[in-house]
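Listed below are the residues making up each chain.
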Amino acid sequence: MIRTKVAIYLRLSKEDGDDESSSITNQRRILTEYARLNNMEIVEEFIDDGWSGFSMDRPEMNRLTQKLNNNEIHTIIVKDLSRLGRHN
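Along each chain, residues carry numbers from 1 onward, in the same order as the chain's sequence is written. A pLDDT threshold of at least 70 governs which residues receive local features in this predicted model, and a stricter bar of 80 or more applies before side-chain atom pairs are shown or counted, although totals over entire chains, interfaces and linings include all residues. With hydrogens and water stripped out, all remaining heavy atoms of the structure feed into the side-chain values.

> Can you break down the overall build of the protein chain residue by residue, with the values?
Secondary structure elements are taken from DSSP: a helix is a run of H or I of four residues or more, a strand is a run of E of two residues or more, and numbering for both begins at the N terminus. Within the protein chain, the regular secondary structure consists of three helices and three strands. Traced from its N-terminal end to its C-terminal end, the protein chain shows the element sequence β-α-β-α-β-α. Taken over 88 residues, the protein chain has a buried fraction of 34%. Residue contacts are defined here by distance: any two heavy atoms, one from each residue, within 4.5 Å place the two residues in contact. Counted over contacts in the protein chain with a minimum sequence separation of 6, partners at least 24 positions apart contribute 66%. Buried, partly exposed and exposed residues are distinguished by accessible area as a fraction of the type maximum, computed with a 1.4 Å probe on protein chains only: under 20%, between the cut-offs, and over 50%, respectively.

If you want it as structure tokens, here you go:
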């Protein structure tokens, strides 16, 4: 069976605090398990730790967007949509 290749995006803002339910480690654990259960292979990881979701101008988000625009990545998984951005 062919595995779907995916990228994962993780973000934790300073406003999120140290809440374990939103931590980078916990997001990675959730996404890794989801990928395993759904026959996905994580080929790249993008992490913006300490960046607010109110702006889309974040280092790893910019790198992710560039790879999407270049058709280098076709599927992204996130813990929830608030990790991508807020109010966008």
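> Could you give an account of the environment of Thr-25, with specific residues and numbers?
Position of Thr-25 relative to the elements: it lies in helix 1 (residues 24-37). C-alpha separation for the pair Thr-25 and Leu-10, spaced 15 residues apart in sequence, amounts to 9.1 Å.

> Explain the sheet that holds strand 3 (residues 76-77) to me, and be specific about the residues and the numbers.
When DSSP finds two or more bridges between two strands, those strands count as paired. The parallel open sheet is built from three strands, whose spatial order is 2-1-3. Both edges of this open sheet fall to strand 2 (40-49) and strand 3, since each of them pairs with a single strand only. The pairing of strand 1 (residues 4-12) with strand 2 spans nine bridges and is parallel. Across the sheet, the residue bridging to Lys-5 is Glu-41, located in strand 2.

> Can you lay out helix 2 (residues 59-69) for me, pointing to particular residues and giving the numbers?
The set of residues buried in helix 2 consists of Glu-60, Met-61, Leu-64 and Lys-67. One side of helix 2 holds all its buried residues, which, seen down the axis, span an arc of 125 degrees. On the buried face of helix 2, the contacting elements are strand 1, strand 2, strand 3 and helix 3 (81-84). A positive phi of about 60 degrees marks Asn-71, the residue just after helix 2. Throughout, the arc means the angular range of directions from the helix axis out to the C-beta atoms.

> Go over the side chain of Glu-60, please, and point to the residues and values.
Summarising the element assignment, Glu-60 is placed in helix 2. The exposure class of Glu-60 is buried, given its relative accessible area of 17%. There is a polar contact of 2.9 Å between the side chain of Glu-60 and the side chain of Arg-63. With near-sequence residues (within four places) excluded, Glu-60 lies in contact with Tyr-9, Glu-45, Phe-46, Ile-47 and Asp-48. Polar contact is defined as a pair of N or O atoms within 3.5 Å, subject to the rule that within protein one atom must be able to donate a hydrogen and the other to accept it, and that residues adjacent in sequence are counted only when both atoms are side-chain atoms.

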